[in-house]
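Each chain, letter by letter, is given below.
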Amino acid sequence: MKPVNEMRLKIESRSVNEAFARATVAAFAAQLDPNIEEISDIRTAVSEAVTNCIVHAYAETVGQIYIWSGIYENGVIRIKIRDCGCGIENVKQAMEPLFTTLGGERAGLGFAVMESFCDKVRVRSKIGVGTVVTLEKRIKGRENADA
Amino acid sequence: MAVKISVTPLRLTIAVSGEIDHHNAAVLRLEADEAIQSSLCKTVRIDFGEVTFMDSSGIGFVMGRYRIVSSYGGAVEVVNLSERLYSMMKLAGLDRLVKLSKKEKGKEKI
């Protein structure tokens, strides 16, 4: 299926860009007329994925983060967050709640939060090549807020 | 993001406003820990009433403060949570470590 509208964004993996990334994707999603809850879901999920790129993929360096988003006729938004960083050795383990390689202040809940706020989360990763996280969410919108 | 800190003999209150993400959690952590370490209050209250956005960094922030405060025998409570923040913290199992309470009805914000 082809998206009816799409956008691309390339940012440096600096933590100051986290707010910019989630606000930009949320602004793009606004054309689906989401309710406040749905906008918050998107903002939070994007924030988690972008933070992963910054703290894990490009841990010791600054690299590029590529964000693509497409909107489909059925009210679905798909967001791809891609990096060319270190890659994830064991994706299944990385997605387990509370698992973190960093410890300390990282809760290990990034993927759990993405999964709880999106309909689908897909992760493809290759060591030394990078990671793509694809988020998908159907926007029911303001009219059908209780449906 | 901004932090307001107030201390009484019995309680340290850390009131956070704005957005909590990985970027500004670093500053938040510094300010909170400085206040915690200089007061060593038995009760540390974290007020999230004016928080407009939080991702899992906010959960990490609460977990980290819980570790520090419980290490000297104190307790942490998180107050004025919106429905959304409350359910995120429950999802993370924070209710087993700290006391969570929601915002009063009628004052609900997102």
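This structure is a prediction, so every number in the text was calculated from the model and none was measured.

Here the focus is the packing of helix H1 (residues 17–29) of chain A against helix H2 (residues 36–57) of chain A. Residues and elements named next belong to chain A. Contact geometry of H1 with H2 gives a least axis separation of 8 Å together with a crossing angle of 140°. The element H1 and its partner H2 pack so that their crossing is right-handed. Contacts from Glu18, Ala21, Arg22, Val25, Ala26 and Ala29 in H1 reach Ile39, Ile42, Arg43, Val46, Ser47, Val50, Thr51 and Ile54 in H2. Here the contact of H1 with H2 is composed, by residue class, of nine nonpolar, two polar and three charged.

Below, the discussion takes up the interface of chain B and chain A. In this complex, chain B contributes 23 residues to the contact, which on the side of chain A involves 26 residues. Summing both partners gives a buried area of about 1900 Å² for chain B against chain A, and 53% of it is carried by carbon and sulfur. Three residues stand out in chain B for area buried against chain A, namely His22(B), Phe53(B) and Arg84(B), and they jointly supply 32% of the buried area on that side. Across the contact surface, chain B and chain A share five salt bridges. Across the pair Arg22(A) and Asp21(B) runs a salt bridge, and its minimum N-O distance is 2.9 Å. Where chain B meets chain A, there are 14 residue pairs in polar contact (both at pLDDT 80 or more). Mapped by element, the contributors of at least two residues to the side of chain B that touches chain A are helix H1 (22–39), strand S3 (43–54), helix H2 (56–71) and helix H3 (83–91) of chain B.

All names here are of chain B. Taken together, five strands build an open sheet; the order of strands is S1-S2-S3-S4-S5 and the sheet is mixed. Two strands bound the open sheet, and with one partner strand each, they are strand S1 (2–7) and strand S5 (99–102). Adjacent strand axes in the sheet meet at a mean angle of 15° when their direction is disregarded. As defined by bridge partners, S1 adjoins strand S2 (residues 11–20) across six bridges and the pair is classed as antiparallel. Of the residues in S2, the one forming a bridge with alanine 2 is serine 17. Packed on one face of the sheet, H2 meets S2, S3 and strand S4 (75–81) and runs near 175° to S3.

All names here are of chain A. Sheet analysis places strand S4 (residues 120–126) next to strand S5 (residues 130–138), joined by seven bridges and oriented antiparallel. In the strand pairing of S5, arginine 124 is matched with valine 132. Between S4 and S5, which pair antiparallel in sequence order, lie three residues; one of them, glycine 128, sits at a positive phi of approximately 80°.

Here the idea is simple: oppositely charged side chains can pair when their charged atoms come close. The full count for this structure, using the stated rule, is 14 salt bridges over all chains. The partner of Arg22(A) in a salt bridge is Glu19(B), with the nearest N and O atoms 2.5 Å apart. Placement of the pair is Arg22(A) in helix H1 and Glu19(B) in strand S2, with the two residues belonging to separate chains. Assessed through its relative accessible area of 0%, Arg22(A) is described here as buried. Overall, the relative accessible area of 23% leaves Glu19(B) in the partly exposed class.

Counting through the fold element by element, Phe53(B) comes out in strand S3. Along the primary structure Phe53(B) and Ser17(B) are separated by 36 residues, whereas in three dimensions their C-alpha atoms are 9.2 Å apart. When near neighbours in sequence (up to four residues on either side) are disregarded, Phe53(B) contacts Arg22(A), Arg43(A), Thr44(A), Ser47(A), Gly18(B), Glu19(B), Ile20(B) and Asp21(B).

A few words on the pairing of strand S2 (residues 64–71) of chain A. Residue and element names in this part refer to chain A. Burial runs high along S2: six of the eight residues are buried. Inspection of the sheet shows strand S1 (residues 5–12) paired to S2 by eight bridges, in the antiparallel sense. For asparagine 5, the partnering residue across the bridge sits in S2 and is isoleucine 71. Connecting S2 to the antiparallel partner strand S3 (residues 76–83) that follows it, the hairpin turn spans four residues, and glycine 75 within it adopts a positive phi of roughly 85°.

A word on the sheet that holds S1(A). Residues and elements named next belong to chain A. Taken together, five strands build an open sheet; the order of strands is S1-S2-S3-S5-S4 and the sheet is antiparallel. Each of the sheet's edge strands pairs with one partner strand only, and the pair in question is S1 and S4. Strand-to-strand twist across the sheet, computed as the mean angle between neighbouring axes with direction ignored, equals 10°. Across the face of the sheet, H1 comes into contact with S1, S2 and S3 while running at roughly 175° to S1. Here H2 sits on the sheet in contact with S1, S2, S3 and S5, set at roughly 10° to S3.

Parameters and conventions
- Residues numbered from 1 in each chain as written.
- Chains lettered and ligands numbered in written order.
- Predicted model: local features only at pLDDT ≥ 70, side-chain atom pairs only at ≥ 80, totals over all residues.
- Heavy atoms only, no water.
- Axes fitted to C-alpha atoms, helices over the stretch in contact; angles between N-to-C directions.
- Helix = DSSP H or I, 4+ residues; strand = E, 2+ residues; numbered from the N terminus.
- Left-handed = near helix turned anticlockwise from the far one by under 90°.
- Contact = heavy atoms within 4.5 Å.
- Nonpolar A, V, L, I, M, F, W, Y, C, P; charged D, E, K, R; others polar.
- Buried area = accessible area lost by both parts, 1.4 Å probe.
- Salt bridge = Lys/Arg side-chain N within 4 Å of Asp/Glu carboxyl O.
- Polar contact = N/O pair within 3.5 Å; in protein donor to acceptor, adjacent residues only side chain to side chain.
- Pairing = 2+ DSSP bridges.
- Buried < 20%, exposed > 50% of the residue type's maximum accessible area, 1.4 Å probe, protein only.

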